[in-house]
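# Per-entry structural report
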Amino acid sequence: QVQLVESGGGSVQAGGSLRLSCAASGSIFSNNAMGWYRQAPGKQRDLVAVISSSGRTNYVDSVKGRFTISRDNGKDTVYLQMNSLKSEDTAVYYCNLGIMLPSGRYGPLHWGQGTQVTVSS
């Protein structure tokens, strides 16, 4: 079984920063990618950032230049550094363990519990 434990959520002022962490344990394969999703109230859950097993990253346009996804050398922990936060970033953020598909799209497999990020303006 796979377990994803998230931490780092909270409330910050607009323009501030927050760093989310997610530690994965269990049946993690070397080709697993990891990603972060977010879901605001009444909206769908959208992919924000993804990092492949080789360290290649992709971001949704709205967070490019502000957010950075990274993972440790053992590929068991993923981070999301969020800078220059906006009120529009307010959402529940979910880490995910998955796989990169041949098309380049991300295939989600296992979900974290989610952590609330609130940005005040």
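Above this text is the structure in question.
In this report, we go over the structure that sits alongside the text.

Parameters at a glance
- Residues numbered from 1 in each chain as written.
- Predicted model: local features only at pLDDT ≥ 70, side-chain atom pairs only at ≥ 80, totals over all residues.
- Heavy atoms only, no water.
- Helix = DSSP H or I, 4+ residues; strand = E, 2+ residues; numbered from the N terminus.
- Rg over C-alpha atoms; globule rule 2.2 N^0.38 Å.
- Buried < 20%, exposed > 50% of the residue type's maximum accessible area, 1.4 Å probe, protein only.
- Polar contact = N/O pair within 3.5 Å; in protein donor to acceptor, adjacent residues only side chain to side chain.
- Contact = heavy atoms within 4.5 Å.
- 1 Å grid on protein atoms, 1.4 Å probe; cavity = no way out; pocket = protein on both sides within 12 Å on 5 of 7 lines; lining within 4 Å.
- Points joined across faces, edges and corners; volume = space filled by probe spheres on them.
- Nonpolar A, V, L, I, M, F, W, Y, C, P; charged D, E, K, R; others polar.
- Pairing = 2+ DSSP bridges.
- Axes fitted to C-alpha atoms, helices over the stretch in contact; angles between N-to-C directions.
- Phe/Tyr/Trp six-rings, centres within 6.5 Å; stacked < 30°, edge-to-face > 60°.
- Lys NZ or Arg CZ within 6 Å of the ring centre and 35° of its normal.

## Examining the overall build of the protein
What the protein contains, in helices and strands, is zero helices and 11 strands. The linear arrangement of helices and strands in the protein, starting from the amino end, is β-β-β-β-β-β-β-β-β-β-β. Taking 2.2 N^0.38 as the reference for a compact globule, 121 residues should give roughly 14 Å; the C-alpha atoms of the protein span a radius of gyration of 14 Å, in line with that estimate. With the C-alpha coordinates of the protein rotated into their principal frame, the extents come out at 40 × 30 × 25 Å. Counting over 121 residues, the protein shows a buried share of 36%.

## Overview of the side chain of Asp-89
Tracing the sequence through the fold places Asp-89 in the loop between strand 8 (77-82) and strand 9 (91-100). Polar side-chain contacts of Asp-89 include one of 2.9 Å to the side chain of Arg-38. Of note is the side chain of Asp-89, whose polar atom sits 2.8 Å from the backbone nitrogen of Lys-86. Residues within four places of Asp-89 in sequence aside, it is in contact with Arg-38, Arg-66, Phe-67, Ser-84, Val-117 and Val-119.

## Observations regarding the layout of surface pockets
In this model, the largest pocket occupies a volume close to 200 Å³. Along its surface, the largest pocket is lined by Arg-38, Gln-39, Ala-40, Lys-43, Gln-44, Asp-46, Leu-47, Val-60, Ser-62, Glu-88, Thr-90 and Ala-91. Going through the elements one at a time, strand 4 (32-39) and strand 5 (46-51) are the ones with two or more residues in the lining of the largest pocket. Of the residues assigned to the lining of the largest pocket, the class counts are four nonpolar, four polar and four charged.

## Observations concerning the sheet that holds strand 1 (residues 3-7)
As a general point, the strands of a sheet are linked pairwise by backbone hydrogen bonds and lie either parallel or antiparallel. Spatially, four strands are ordered 1-3-8-7 in an open sheet, and the strand pairing comes out antiparallel. Each of the sheet's edge strands pairs with one partner strand only, and the pair in question is strand 1 and strand 7 (67-71). Strand-to-strand twist of the sheet, defined as the mean angle between neighbouring strand axes without regard to direction, takes the value 15 degrees. Across six bridges, strand 3 (residues 18-25) lies against strand 8 in antiparallel orientation. The partner of Cys-22 across the bridge, within strand 8, is Val-78.

## As for the packing of aromatic side chains
Enumeration over the complete set of coordinates arrives at three aromatic pairs. On the basis of an interplanar angle of 90 degrees and a centroid distance of 6.3 Å, the ring pair of Tyr-94 and Trp-111 is categorised as edge-to-face. A residue pair is termed long-range when its members are at least 10 positions apart, and Tyr-94 in strand 9 and Trp-111 in strand 10 (residues 106-111) qualify at 17 residues. The side chain of Arg-19 reaches across the aromatic face of Tyr-79, ending 4.5 Å from its centre. Lying across the ring of Trp-111, Arg-45 places its NZ or CZ 4.7 Å from the centre.

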